Amino acid sequence: MSVLSTADEGKFLMDEEAEQIGIVTEVDTDAQIAYVEPDPDIAEAVVQGLGFGDADGDDIEVPAASVETVTDTELRVAKDL
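Everything numeric here is computed off the predicted structure, so don't read it as measured data.

(A) Here's a closer look at the pattern of salt bridges. All chains considered together, the criterion is met by two salt bridges. Across the pair Asp-8 and Lys-11 runs a salt bridge, and its minimum N-O distance is 2.8 Å. With respect to burial, Asp-8 and Lys-11 carry one shared label: buried. A salt bridge links Glu-74 to Arg-76; the nearest nitrogen and oxygen atoms lie 2.8 Å apart.

The structure is reproduced here in structure tokens:
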């Protein structure tokens, strides 16, 4: 299990085959949940990458227990969501 922080906002969420699932819009550090915008358009990706985005209704909830690896640019899960 990885520990999620607000520094993870704007990172890409990748699956086990290194395919992009979406981009992290917000992290709830208390609940240890990352909210991920699936298939963001370019404008959304830029806003999220700068750390100015917020979670919305179509975001996927990814618990920290599902995150296998955290790098400077991505979170990687070990299974399909």
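Let's pick the thread back up.
(B) Just the sheet that holds strand β1 (residues 12–14), in detail. The strand order β4-β3-β2-β1-β6-β5 describes an open sheet built from six strands, whose pairing is mixed. Pairing within the sheet leaves two strands with one partner each, and these edge strands are β4 (60–63) and β5 (67–70). If you compare each strand with its neighbour and ignore which way they point, the axes differ by 35 degrees on average. With three bridges connecting them, β5 and strand β6 (residues 74–77) associate as antiparallel partners. When the bridges of β6 are listed, Thr-69 appears paired with Arg-76.

Rules and cut-offs
- Residues numbered from 1 in each chain as written.
- Predicted model: local features only at pLDDT ≥ 70, side-chain atom pairs only at ≥ 80, totals over all residues.
- Heavy atoms only, no water.
- Salt bridge = Lys/Arg side-chain N within 4 Å of Asp/Glu carboxyl O.
- Buried < 20%, exposed > 50% of the residue type's maximum accessible area, 1.4 Å probe, protein only.
- Pairing = 2+ DSSP bridges.
- Helix = DSSP H or I, 4+ residues; strand = E, 2+ residues; numbered from the N terminus.
- Axes fitted to C-alpha atoms, helices over the stretch in contact; angles between N-to-C directions.

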